[in-house]
Every structure is written in structure tokens, then in C-alpha cells.
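Given next are the chains, with one letter for each unit.
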Amino acid sequence: MKRFFTFLSRIFFGYHMAVALLIMAVVIIVLTIQIGNRATFANTELYNDVIDRWGAPIHQSAPTVRYIPTGTVFTELYSLPFSGQRISIKATMNYRKRGLYYFSGFDFSFEGRYTIVNTETDTIDVVFVFPINLERNKILLSDLVFSVDNLPADINLSDSGDRLFWTGRLVREKETEFLITYRGRGLDEFTYFLDPDIPVKDFRLSAEIKGGDNYDYASGVVPATSLETSSRDNVELTWEYRSLESGVPVGLLLPSEKSFDTIITTMTARSWVTFLLFFTGIIGIFLFSNKRLPVYTACLIASGYGFFFILLAYLTAYMPFSLAYLITIITISLLLFLYMTFTLDLKNGFLTLGLFFIYQIIPTMAVILEGYTGLIYTLEILLGLCILMFASSRKKTQDILAGFYRRVTA
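Definitions and cut-offs
Residues numbered from 1 in each chain as written. Predicted model: local features only at pLDDT ≥ 70, side-chain atom pairs only at ≥ 80, totals over all residues. Heavy atoms only, no water. Helix = DSSP H or I, 4+ residues; strand = E, 2+ residues; numbered from the N terminus. Buried < 20%, exposed > 50% of the residue type's maximum accessible area, 1.4 Å probe, protein only. Contact = heavy atoms within 4.5 Å. Areas by Shrake-Rupley, 256 points an atom, 1.4 Å probe, with all protein chains shown as cover. Phe/Tyr/Trp six-rings, centres within 6.5 Å; stacked < 30°, edge-to-face > 60°. Pairing = 2+ DSSP bridges. Axes fitted to C-alpha atoms, helices over the stretch in contact; angles between N-to-C directions. Polar contact = N/O pair within 3.5 Å; in protein donor to acceptor, adjacent residues only side chain to side chain. Salt bridge = Lys/Arg side-chain N within 4 Å of Asp/Glu carboxyl O. Core = buried A, V, L, I, M, F, W, Y, C linked by side-chain atoms within 4.5 Å. Patch = residues over 30% accessible without salt bridge, like charges linked within 9 Å, V, L, I, M, F, W, Y side chains within 5 Å.

K.L.:
Give me the overall build of the protein chain: which residues, what numbers.
P.N.:
Helix and strand counts for the protein chain stand at 9 helices and 18 strands. A total of 410 residues make up the protein chain; the buried ones form 43% of that total. When contacts within the protein chain are restricted to residue pairs at least 6 apart in sequence, those whose partners lie at least 24 apart make up 76%. A total accessible area of about 21900 Å² is found for the protein chain, and carbon and sulfur atoms account for 61% of it.

This is the structure we're talking about:
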């Protein structure tokens, strides 16, 4: 056991692995803290800034109809349930990028058809109220259309601009249809709230989403009753109910882009394992070259490996992730290749490039391609096993390893 610990200590300190690991630990801790701080900022100030510029989560309440019998003294308004509601939402994703974060912005159009029938024995006076927030939902007044029985109606808004209302008289058994359409911008979610105190009849809401399919549901929201996917980035959800005793909230969380802060944090957190393997390979290169590994060389190689994550994080904040990832790979690969070529020779420069591909590019790709992570790691381990089997069968390798073992255990 004593010999084993002596062996490990001489590798860690005699070949400067401890110093290299310390550099990687600093990179991992600092980058994780920085991204964590940015996440806090993105969930507060940055998120509020996006809302002010783009639009807020859309919380659209269903309209209400209240009435009194014609000619009666105004003492109480009675609720009149809709005999039918047909709502259509068409949303196109327009992701808003701020640093490492993509917010789920979307442009949408709303169309609502509402039908009421006077079931009283006489004429009634009704008031139709549609909740709407022009400023918060970034709705232009020119895009707002309102009609009653297919005839254009005056758009009467409350002083605060958060409600549209219409008053009129309905004769017995008369059916009246209200049509409201508008276009707006929103963020993250669209939720439609039915009045929980009023029965719902003949309700149908369809939501067509373009630009993403990884939607979800907020807490308390009723999932869609049917789903149709026409393409990878086009999904249509439908909520349809013939009759409900009371209203429920329906809607969805809009699709989102990958969270690149999470991807980079995951890459960085896993990197200490792959760095150990990478640096072991660097030690092997110097052993096979019969060269001593200087401490400054170990520090520079470790810094180059760790700088991959720092460069990737900062480039991603200013350009698409795929482009930032490609530039980072080319830059760090070229840096390590040239440094090892000038330090040793061209052959060992290419060997270092191979190590970087196996122990940096492949593991980070496994994080990006989340659905194939297990397969990628399995193939990488298999490749490493094949290389070790081939190398250990060579006499030169056996002689070098034997000499290395004698030196570190002497």
C-alpha cells in the first residue's frame, strides 16, 4: 500500500499532474460561479428588460357577458354563459438572445368567436367585456378588429386600455356572435383562462406553433385533448370540450431553445475526468520522446485545455453557439498543435491533436447531442481500449513503461 501511494504521489508531483489539476479546478470553479451569477441576472433584470422590449407572458382571460332584463331597475347583473367559443392561436417563435440565454419570444395572432343566445322570456340588455392589455402584450390598436354579427363594431376601451366592452339589446332567443382578432408579441407562455364560476359549452381552442416542438404545460393548466405534428418545428394542439361544469385554464409553455449556459456548465463540470486522461496522454508523449516534462509546459498545456471552456462561453454570448463552438475547437486545437510541435516535433503535435479530439471534442459533443450521450461515450471508451491494447503489445511500449515504473517506485 505504501508503494502504491508513493507511485501516485510521484506521478502527481513528479510529472506536475497536481499543478495541472489545480489549474483546471480554478477554471471549473470560476466559470461555474460566473455562469451561475449570469443565470441569476438573466432571471431578474435581464428577463424584465426582455419583457419591457418584447412582451410579457400572455395571460388571456375569456370575455364575460352580463345582462339585466330590459326596463328593470338596475340592481344586479346576471351572468350569461356562452353557447359556443371558438378560439384560434397562431404563434411563430422569435427567440430573443441575450448573452448565453435564449428567451422564448413569439409573435402571435388571436381570433376568438363567441356566441350567446338570449334564453330569457323577454328582451335583455347585455354588456360584453373582453379583457385585453394593449401595452403589456405589445398589441397595436390598428391590429385589433371587433365585430358583432359580422358587422364592424366600435372599439370601446376602458381608460386604462385593459378591457374592450360592448353594450346592446337582445330579443328573446336571438343568437349573437362576437368576433375579436388581434396580433401581439409574447414571452414564454400563452394561457387562456375560462371563468371558473360559469359553465362552459361547445368550447374549442386550437394553437398552431411554428419554430419549435418542445412545448410544455404550466402548473395547473389542462393539457391539450389532441395533438398533431406536421413537421419537426410545427405543432398544433387542440382543447375541445362539449360541456364543462366550470371553466379551467388551458394553454402551454412555448418551445424553447437549448439553454447554452446549462450546456457549458455541464461540459465544464465533467471536464476534470477527461482532462486527467488527456494529461496522462501528454505525459506518455514526453515519456516516449525521452523528454522531461517541464512544469511550465504542464501549466501551459493545462491552461490551453481549460481555456476552451472560457473562450466558448464568451463567444457564445456574442454569436450563435454552433459558430462559437467551431471557432473554439479550431483555435484551441491549433494552439495545442503548434505548441507541441515547437516543443517536441510535428509527429507529437499530431498526437496531441488526436488526444484533444478524443478527450475534449468528443466529450463536449456528447453533452451537446444529449440523446446520444451514452452511445458516444461507449464508442470513445471502445476506441481508447483498442489503442491501449495495440500500444501495450509493442515491445517499445513495454520497455518504456517498465523504465517508468522503476523510476517512480525507486
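And the narrative resumes.
K.L.:
Could you give an account of the packing of aromatic side chains, with specific residues and numbers?
P.N.:
This model, assessed by the stated rule, comprises 27 aromatic pairs. Relative to F146, the ring of F128 lies with its centre 6.0 Å away and its plane at 10°, an arrangement referred to as stacked. You can see F128 sitting in strand β8 (residues 124–131) and its partner F146 sitting in strand β9 (residues 145–148), a full 18 residues away along the chain. Under the relative-accessibility criterion, F128 is labelled buried at 0%. On the accessibility criterion, F146 (3% relative accessible area) is buried. Aromatic side chains F146 and F178 sit 6.5 Å apart centroid to centroid with 5° between the ring planes, which places their arrangement in the stacked category. Note that F146 is positioned in strand β9 and F178 in strand β13 (residues 175–187), a separation of 32 residues in sequence.

K.L.:
Residue-level account of unusual backbone geometry, with values.
P.N.:
One non-glycine residue, N150, lies in positive phi territory at about 65°. The topology assignment puts N150 in the loop between β9 and β10 (151–152). If you check the backbone angles, N290 has positive phi at about 55° while not being a glycine. Note that N290 resides in the loop between α4 (260–288) and α5 (295–316). You can call N290 exposed: its relative accessible area is 71%.

K.L.:
Can you lay out the pairing of strand β14 (residues 189–193) for me, pointing to particular residues and giving the numbers?
P.N.:
With 4 of 5 residues buried, β14 is to be regarded as a mostly interior element. Note that strand β1 (residues 58–61) and β14 share 4 bridges and pair parallel. If you follow H59 over to β14, its bridge partner there is T191. Looking at chain direction, β14 and strand β18 (residues 249–253) are connected through 5 bridges and run antiparallel.

K.L.:
Provide a residue-level description of the sheet that holds β1, including the pertinent values.
P.N.:
Within a sheet, neighbouring strands are paired by backbone hydrogen bonds and run either parallel or antiparallel to one another. Across the sheet, 3 strands lie side by side as β1-β14-β18; this open sheet has mixed pairing. Of all strands in the sheet, those bounded by a partner on one side alone are β1 and β18. Neighbour-to-neighbour, the strand axes of the sheet open up by a mean angle of 10°, direction not taken into account.

K.L.:
Explain the sheet that holds strand β2 (residues 64–69) to me, using residue names and the numbers behind them.
P.N.:
The strand order across the open sheet built from 5 strands is β3-β2-β8-β12-β11, with neighbouring strands paired in antiparallel fashion. A single partner strand is all that each edge strand has here, and the edge strands are β3 (78–79) and β11 (156–157). Alignment of β11 against strand β12 (residues 163–170), held across 2 bridges, turns out to be antiparallel. Across the sheet, L157 pairs through a bridge with L164, a residue of β12.

K.L.:
Can you break down the side chain of D202 residue by residue, with the values?
P.N.:
You can see D202 is positioned in strand β15 (residues 200–210). A distance of 2.8 Å separates the side chain of D202 from the side chain of R86, its partner in a polar contact. The residues touching D202, leaving out its near neighbours within four places in the chain, are S83, G84, Q85, R86, Y241 and R242.

K.L.:
Which residues make up the pattern of salt bridges, and what values do they have?
P.N.:
Summed over the entire model, instances satisfying the criterion amount to 9 salt bridges. Its salt-bridge partner being R169, residue D125 comes within 2.7 Å of it at the nearest N-O pair. Of the two residues, D125 is situated in strand β8 and R169 in strand β12; the sequence distance between them amounts to 44 residues. For D125, a relative accessible area of 21% gives the class partly exposed. The exposed category is assigned to R169, whose relative accessible area is 54%. With its nearest N and O atoms 3.7 Å apart, the salt bridge here joins R172 to E173. Within the structure, one salt-bridge network assembled from shared partners comprises R86, D202 and R242.

K.L.:
Any chance you could break down the nonpolar core for me, citing the residues and the numbers?
P.N.:
F110, F128, Y192 and F203 are the most contacted members of the largest nonpolar core, which has 49 residues in total. The contact partners of F110, leaving out residues within four places of it in the chain, are Q60, I87, S88, I89, F130, I180, T181, Y182, F190 and Y192.

K.L.:
Describe the side chain of T341, listing the residues and the values that go with them.
P.N.:
Mapped onto the secondary structure, T341 falls in helix α6 (residues 321–343). When near neighbours in sequence (up to four residues on either side) are disregarded, T341 contacts L346 and G349.

K.L.:
Please give an account of a nonpolar patch on the surface that cites residues and values.
P.N.:
Among the surface-exposed residues, L369, Y372, L375, L379, L382, L385 and M389 lie close enough to one another that they form a single nonpolar patch of about 710 Å² accessible area. If you trace the backbone, M389 turns up in helix α8 (residues 373–392). Taking relative accessible area as the criterion, M389 reaches 53% and is therefore assigned exposed.

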